[in-house]
2 protein chains.
Amino acid sequence: MTAPARPAPIQLCAGELVDVPRGLKGVVVTETRIGDVRGAEGFYHYREFSAIELAERCSLEQVWYLMFSGHLPTRSEQASFTEKIAPLRQLPKELRALLPAIARTGQHFLPLDGLRTALSLACSMRGMRPWLDISSEELRADALFATAIVPTLLAALYRLRQGLDPIEPAADLGTAENYLYMIRGERPTPQHARAVEKYMISTIDHGFNASTFTGRVIAGTGADLGACLVGAIGALSGPLHGGAPSRALDTLDAIGSPENIDAWVRPRVAAGERMMGFGHAVYKTEDPRSRMLRETARALGGDLVDFAIEVERRVVRILAEMKPGRQLYTNVEFFAGVVMHLCGLPREMFTPTFASSRVIGWAAHVLEQAAEAKIIRPSARYVGPPPPVPVPDPAD
Amino acid sequence: MTAPARPAPIQLCAGELVDVPRGLKGVVVTETRIGDVRGAEGFYHYREFSAIELAERCSLEQVWYLMFSGHLPTRSEQASFTEKIAPLRQLPKELRALLPAIARTGQHFLPLDGLRTALSLACSMRGMRPWLDISSEELRADALFATAIVPTLLAALYRLRQGLDPIEPAADLGTAENYLYMIRGERPTPQHARAVEKYMISTIDHGFNASTFTGRVIAGTGADLGACLVGAIGALSGPLHGGAPSRALDTLDAIGSPENIDAWVRPRVAAGERMMGFGHAVYKTEDPRSRMLRETARALGGDLVDFAIEVERRVVRILAEMKPGRQLYTNVEFFAGVVMHLCGLPREMFTPTFASSRVIGWAAHVLEQAAEAKIIRPSARYVGPPPPVPVPDPAD
């Protein structure tokens, strides 16, 4: 695996400025030991392990531990980690009292907006302080608290919005299993729990995406962990980032049956529309998450899975024909939507489920940024009319 | 005024990476028409106008209008803007009902954390949607709503935490005057109102600081305006950014009287401690905000002002002697604390008062970022052990 070409690092004297590409694509802003994405190879990793191999072989708790500590837990470390998490899933009473009002806010149910408010409040109730003012052990404890409570908050917001009572977390269930249980109100089958767990593990981290970067920029100011995660949730709620695994599923619904695929897809591609669930900013090969989730879906089985695989096969071929050289394959969203649907998750909870695992990655990045203790403060180039123009009296 | 030296813009081919300085200092990440800071000249501007001249000559509402629209309002534009703002200052009833619980959250009163939750909720209650899904007029209306309600939220959180009832905003008062009124419960003198108004105008914007950048990174994902502002509030709550004008005032208290200055300051400077209220990352001259606020304080008058001016004079001299070549002067915090104290603002509301004006700058930047519609997604260099290492079975 050869490293991509790299110009010499930019070094600036005091007062010097350098212009970099808009959107910071390809601009290396820091070093990390958390993981990386190799877009050209279709490979990504957490620490030194293939993320996909971790998803195939580990529990969510093992990988969560890995992300926070840098190594996979021994059996006894794992047992004590599991024990530590269980009580942190519980909703504090004062928070529980306010959740119904948060859940019914807004004409449309936007679970990530509800999570933004609820997690902000949960972190304040815990009394989180700027990480600059606390020990690294206290910061780690904050990180565990916040990541453990997110699935509970999301499930409670969902049920309250449905007019249902929130379900108490079950201490004997793993995180993914418990999350499904708290949303649906019945214990999921082991196969469903494991499918969602694999999805969650595979979405914990993925390079320096916009929400992760947001969390680190906020962490750079020394702010409390809650501030960092609440900002990251905001970034994930943007359609250009958090996307919508549900839209890929909507596309399957719209196509309806195999004989409609060409008639539905070709005119849209010709008109320049993006096919939901196809193409990725970083991967120029098959998205490794897509490959894993296709197999996960196949194991769950059923007509929807067969249809999705057929749509994938045909759309990839149509895109190769109509957009030659673009190398467009299914991304994580395409089979994620199918898997989550088959496991009984409602569509409005697809992106929130993503948030419930990604929050582990955000927190790991905040822990790393805190160890660096450096404010992130770039520059912008002013391109308006040159100042100073004297301030005129108000015109009539 | 000559432009600083600048290397050629970095242009990258697909897959190429370039390393830039940590913390992005000197790295130009975008273009802006909102304003700039010229650290070497001790000058900063909003649009094409000197920010200090705007603070001296305009009302907060005029500058607010300028930040959002790009031009100073005519008299009739100003009148209709004022009319539009007045009802937006009111707390929606459902929000009012939840504020007491938010205000009493946490062992210590952290008004910015309360604002983070309250503004998140307020934006959800308004039904804000991702800016990518709405018109630019709707986004502007969201921006006006959020910036108008922040002073009311802060004042209400403060009073509720004191066990007092929130004060209804007064439609006939300007923003700064009304803010002071809602906190103190009595109409401020015109001199106090104007002093705080000048402070607020002078802190609306200041280059690509960490909170402004946070807001723009979140905006890059297409998220709703509330998500952007809530993230920016989180960044401002970090001690390395929002700082603490109150700490400069605490220093004055600790020194106590002119004859103690040398004995208090010299050993601390010798020990490498930072003097609160002195030095700035960007200004290598006197901070223009400090100069204006010194005059504002002088006009308010009194023993504290005389003492502060004497402390400034002596500390600047001691720093020049003990840290030669560092050019350390008072920054915005030093006299801001004095001015806010003299105008009757409690110390815990100093940084929140800063937030109540900076939110206008954040919103202006979000409006500009929205027009650009580009996700901000940098890279990081992985420096951990090389992957893929096979995932081992758990050790005992």
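Colleague: Which residues make up the pairing of strand β3 (residues 35-38) of chain A, and what values go with them?
Modeller: All names here are of chain A. Residues G35 and V37 line the buried face of β3, whereas the alternating positions D36 and R38 sit on a face that is not buried. The pairing of β3 with strand β4 (residues 43-46) spans four bridges and is classified as antiparallel. Bridged to R38 within β4 is F43. Hairpin connection of β3 to β4: four residues between the antiparallel strands, including G42 at a positive phi of 65°.

Colleague: Can you explain the sheet that holds strand β6 (residues 379-382) of chain B? Please cite residues and give values.
Modeller: One open sheet holds the three strands; their spatial order is β1(B)-β2(A)-β6(B), and the pairing between them is parallel. The outermost strands of the open sheet, each flanked by one partner alone, are β1 (18-19) and β6 of chain B. Bridge count for strand β2 (residues 27-32) of chain A against β6(B) is four bridges, and the pairing is parallel. Its bridge partner lying in β6(B), T32(A) is registered against Y382(B).

Colleague: Describe helix α6 (residues 136-161) of chain B, and please don't skip the residues or the numbers.
Modeller: Residue and element names in this part refer to chain B. For α6, with 26 residues, the first-to-last C-alpha span of 37 Å sits near the 38 Å given by 1.5 Å per residue. Along α6, the sharpest kink reaches roughly 30°, centred on V150 and followed within four residues by the proline P151. With respect to burial, α6 is a largely interior element, 20 of its 26 residues being buried. Phi for G163, located one or two positions after α6, is positive at around 80°.

Colleague: Give me the lowdown on the sheet that holds strand β5 (residues 49-50) of chain B, citing residues and values where you can.
Modeller: Residue and element names in this part refer to chain B. Taken in spatial order, the three strands of this open sheet run β3-β4-β5, and their pairing is antiparallel. For this open sheet the edge positions go to β3 (35-38) and β5, each flanked by a neighbour on one side alone. The pairing of strand β4 (residues 43-46) with β5 spans two bridges and is antiparallel. Of the residues in β5, the one forming a bridge with Y46 is F49.

Colleague: Explain the relation of the copies chain B and chain A residue by residue, including any values.
Modeller: Related by rotation about an axis and a shift along that axis, the two copies of the chain form a pair. In screw terms, the move from chain B to chain A is a rotation of 180° and a rise of 0.0 Å along the axis, fitting with an RMSD of 0.0 Å. Both copies of the chain, as the preceding transformation shows, are related through a two-fold rotation axis. For chain B, the residue whose C-alpha comes nearest the rotation axis is G231(B), separated from it by 2.0 Å. Counting the interface residues of chain B, we find that 100% of their copies in chain A are interface residues as well, pointing to one common contact surface.

Colleague: Give me the lowdown on the pattern of salt bridges, citing residues and values where you can.
Modeller: One pass over the full model with this rule turns up 62 salt bridges over all chains. Among the ionic pairs, D142(A) bridges to R126(A), the shortest N-O distance being 2.8 Å. Placement of the pair is D142(A) in helix α6 (residues 136-161) and R126(A) in helix α5 (residues 111-126), with a sequence separation of 16 residues. The partly exposed category is assigned to R126(A), whose relative accessible area is 34%. Ionic contacts of the salt-bridge type, sharing partners, join the residues D19(A), R22(A), R381(A), E31(B), R216(B), E368(B) and E372(B) into one network.

Colleague: Account for the domain arrangement of chain A, with residues named and values stated.
Modeller: All names here are of chain A. Parsing chain A into structural domains produces domain 1 (51-239 + 348-372) and domain 2 (244-342). Between the C-alpha centres of domain 1 and domain 2 the distance comes to 28 Å. Tallying the contact residues gives 15 residues for domain 1 and 21 residues for domain 2. Here domain 1 packs against domain 2, burying approximately 1,500 Å² in sum over the two surfaces, 73% of which is carbon and sulfur. Among the residues domain 1 hides against domain 2, the three largest losses belong to Y199, H206 and F350. Together they make up 42% of the total. On inspection of domain 1 and its partner domain 2, the count reaches zero salt bridges. Among the elements of the structure, α1 (51-57), α8 (190-202) and α16 (350-372) are those that each provide at least two residues to the side of domain 1 that touches domain 2. Looking at the side of domain 1 that touches domain 2, the element that brings in the most residues is α8, giving six residues. Per-class residue counts for the side of domain 1 that touches domain 2 are six nonpolar, seven polar and two charged.

Colleague: Let's hear about the confidence of the model for chain A: which residues, and what values?
Modeller: Per-chain confidence: chain A averages 94 in pLDDT, with 98% of residues scoring 70 or above. Scored as a complex, the prediction yields pTM 0.96 and ipTM 0.96.

Colleague: Would you mind going over unusual backbone geometry in detail, with residue names and values included?
Modeller: Residue and element names in this part refer to chain A. Here the residue pair P387 and P388 is connected by a cis peptide bond, since its omega of -5° sits within 30 degrees of zero. Along the chain, the position of P388 falls in the segment after β6 (379-382). Positive phi is not limited to glycine here, since L24 has a value of about 60°. Turning to its location among the elements, L24 is positioned in the loop between β1 (18-19) and β2. The buried category is assigned to L24, whose relative accessible area is 1%. The phi angle at Q327 is positive, at roughly 50°, despite the residue not being glycine. Considering the arrangement of structural elements, one finds Q327 in the loop between α14 (303-322) and α15 (332-342).

Colleague: I'd like to hear about helix α4 (residues 93-103) of chain A, residue by residue, with values.
Modeller: Helical periodicity: at 3.6 residues per turn, an α-helix aligns residues three or four positions apart in one direction. Looking only at α4(A), the buried set comprises L95(A), L98(A), L99(A), A101(A), I102(A) and A103(A). Next to the buried residues of α4(A) lie α5 and α6 of chain A together with α4 (93-103) and α5 (111-126) of chain B.

Colleague: Could you give me a rundown of the interface of chain B and chain A, with the residues and numbers involved?
Modeller: In this complex, chain B contributes 113 residues to the contact, which on the side of chain A involves 113 residues. Considering only the side of chain B, the residues that lose the most area to chain A are R22(B), R377(B) and V391(B), jointly responsible for 8% of the buried surface there. On inspection of chain B and its partner chain A, the count reaches 12 salt bridges. For E372(A), the salt bridge identified is with R22(B), shortest N-O distance 2.5 Å. Here chain B and chain A share 54 residue pairs in polar contact (both at pLDDT 80 or more) between them.

About the criteria used
- Residues numbered from 1 in each chain as written.
- Chains lettered and ligands numbered in written order.
- Predicted model: local features only at pLDDT ≥ 70, side-chain atom pairs only at ≥ 80, totals over all residues.
- Heavy atoms only, no water.
- Buried < 20%, exposed > 50% of the residue type's maximum accessible area, 1.4 Å probe, protein only.
- Helix = DSSP H or I, 4+ residues; strand = E, 2+ residues; numbered from the N terminus.
- Pairing = 2+ DSSP bridges.
- Expected span 1.5 Å × (residues − 1).
- Bend = angle between axes of the 7 residues up to and from the residue.
- Least-squares fit on C-alpha atoms with pLDDT ≥ 70 in both.
- Contact = heavy atoms within 4.5 Å.
- Salt bridge = Lys/Arg side-chain N within 4 Å of Asp/Glu carboxyl O.
- Domains from an automatic or database assignment.
- Buried area = accessible area lost by both parts, 1.4 Å probe.
- Nonpolar A, V, L, I, M, F, W, Y, C, P; charged D, E, K, R; others polar.
- pLDDT = per-residue confidence, 0-100.
- Polar contact = N/O pair within 3.5 Å; in protein donor to acceptor, adjacent residues only side chain to side chain.

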